[in-house]
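Take a look at the letters that make up each chain.
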Amino acid sequence: MELVLDFGNARGKWYVPRLNAQGDFRHAIARLTETEWRQSCRLGKPPKGYIRVNGMAYAVGDAARRHTIADRPKGAARYTETYYGIGLAFAASEALQTSDQNMTLRATYPPGDVDYASRLVASAKHEWEVESHHGNFKFNVKRVGVIDEPLGGLAHYMLNADGTEKRRNPLANATILVIDVGGYTVDTVAVDPGGEIDTSSLKSTRTGIIQLTEQFESEMRANNLTLFQDMGDLDIRRVEDGILTGTYRFGKVVIDCQTEARAAVQALVYDVTQIITGAGGIGNYDAILVTGGGGALIFDALQEALPRIELFMAEQDRTLMKYANVFGASKMFKALRRLGG
């Protein structure tokens, strides 16, 4: 079975082409003691988000927020069996819900982590014994292919599901800049007419959707002190919906948050426009292709900020924009297989 994984800074996203299924989870991992594991399993099986991988217990995703989460590792420290491997094992158990002794992993990574691509492969290519709320599984990752995240978004826009080129593609003969708005980074790559990728232009810049959502949440709390005084972390899905719609809902309460949403979005849009300038400016491109979950949140505001160039979304359904890179990674590897690669 083929599993596609984008273990992003904000959320991990997985996709199983054969099942036409996708899902995501908060990027958070907490190591558990044996006592904590036994307590979590006292009803007979671990609850959602609790997982044992090769004998070691963890809480992953939203469940990890109830425990002490270590600082998210960066660089080479991120691509290890005990970190990236745990995210992979969790994603596989959620996505497949059955054992697989012949798994193929297609993994995306930000361009800034290109030096660690081989470590990603090494951290994933193992046998994994997993105990989760879905049951007990064994996964043996035999093959691993990697791709830069913005190239996944490009492939999703340019290719059909079987890896063939789309016949109707307004960007086929255009010079475009691909912008992937992620959790902690905004990644870019320039593409010349005919889909010729300038790999030397692949770049990651330190800004992103986490900064946006943190600013939005901070402003929301400051402007609604009584309502939020007893609340812990806000649900990221409600936060993103509030940014998109201008209203934040919980229980019977509906808060008008258009002002807070606009301010947070504009701050990130400013960063993105500066990144575009650094990539040569709009005068050097025919169009801009936006991908990533953050792209869905800022697309309209980015269009307003850049009225002299046409913008396209890698995925037309904004609720699925966060999966554009994993959808495209699957297509890209199918295209390579067709070419004998």
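Residues numbered from 1 in each chain as written. Predicted model: local features only at pLDDT ≥ 70, side-chain atom pairs only at ≥ 80, totals over all residues. Heavy atoms only, no water.

Caption draft 1: Local environment of the pairing of strand S13 (residues 247–250). Of the two faces of S13, only one is covered, namely that formed by Tyr248 and Phe250; the face formed by Thr247 and Arg249 stays uncovered. Sheet topology places S13 next to strand S14 (residues 253–256); four bridges connect them, and they run antiparallel. Within S14, the residue paired with Arg249 across the bridge is Val254. Counting the residues in the hairpin turn of S13 and S14 gives two residues, including Gly251, whose phi is positive at 60 degrees. (Buried < 20%, exposed > 50% of the residue type's maximum accessible area, 1.4 Å probe, protein only. Helix = DSSP H or I, 4+ residues; strand = E, 2+ residues; numbered from the N terminus. Pairing = 2+ DSSP bridges.)

Caption draft 2: Here's a closer look at the pattern of salt bridges. Tallying each qualifying case throughout the model produces 11 salt bridges. Here Glu2 ties to Arg337 by a salt bridge, and the two come within 3.9 Å at their closest N and O atoms. In this pair, Glu2 is assigned in strand S1 (residues 2–7) and Arg337 in helix H10 (residues 324–338), connecting sequence segments 335 residues apart. Classification of Arg337 by relative accessible area gives partly exposed; the value is 43%. Put simply, Arg221 and Glu217 hold a salt bridge, and the shortest N to O gap is 3.0 Å. Pair noted here: Arg221 and Glu217 are both in helix H5 (residues 209–223), with a separation of four residues, about one helical turn. Residues joined by salt bridges that share partners form a network here, namely Arg11, Asp24, Arg237 and Lys322. (Salt bridge = Lys/Arg side-chain N within 4 Å of Asp/Glu carboxyl O.)

Caption draft 3: Focus on the packing of H5 against helix H8 (residues 258–278). Here H5 crosses H8 at 155 degrees, and the two axes come no closer than 9 Å. In terms of orientation, H5 and H8 fall into the roughly antiparallel class. As for how H5 packs across H8, the hand of that crossing is right-handed. Here H5 contributes Ile209, Gln211, Leu212, Gln215, Phe216, Glu219, Met220 and Asn223 to the contact with H8, which in turn contributes Glu260, Ala261, Ala263, Ala264, Val265, Ala267, Leu268 and Asp271. For the contact of H5 with H8, a count of residues per class yields 10 nonpolar, three polar and three charged. (Axes fitted to C-alpha atoms, helices over the stretch in contact; angles between N-to-C directions. Parallel < 35°, antiparallel > 145°, perpendicular 65-115°, else oblique. Left-handed = near helix turned anticlockwise from the far one by under 90°. Contact = heavy atoms within 4.5 Å. Nonpolar A, V, L, I, M, F, W, Y, C, P; charged D, E, K, R; others polar.)

Caption draft 4: Layout of the sheet that holds strand S4 (residues 29–31). Taken together, the nine strands give an open sheet; going across it, the order is S3-S2-S1-S7-S9-S8-S5-S6-S4, and neighbouring strands pair in mixed fashion. Two strands close off the open sheet at either side, each with one partner strand: strand S3 (21–26) and S4. Across this sheet, the average inter-strand angle for adjacent strands is 30 degrees, counted without regard to direction. Across eight bridges, strand S7 (residues 100–109) lies against strand S9 (residues 135–148) in parallel orientation. Its bridge partner lying in S9, Arg106 is registered against Gly145. Strands in contact with helix H3 (residues 117–124) are S7, strand S8 (127–132) and S9; relative to S9, the strand with the most contacts, it is inclined by about 160 degrees.

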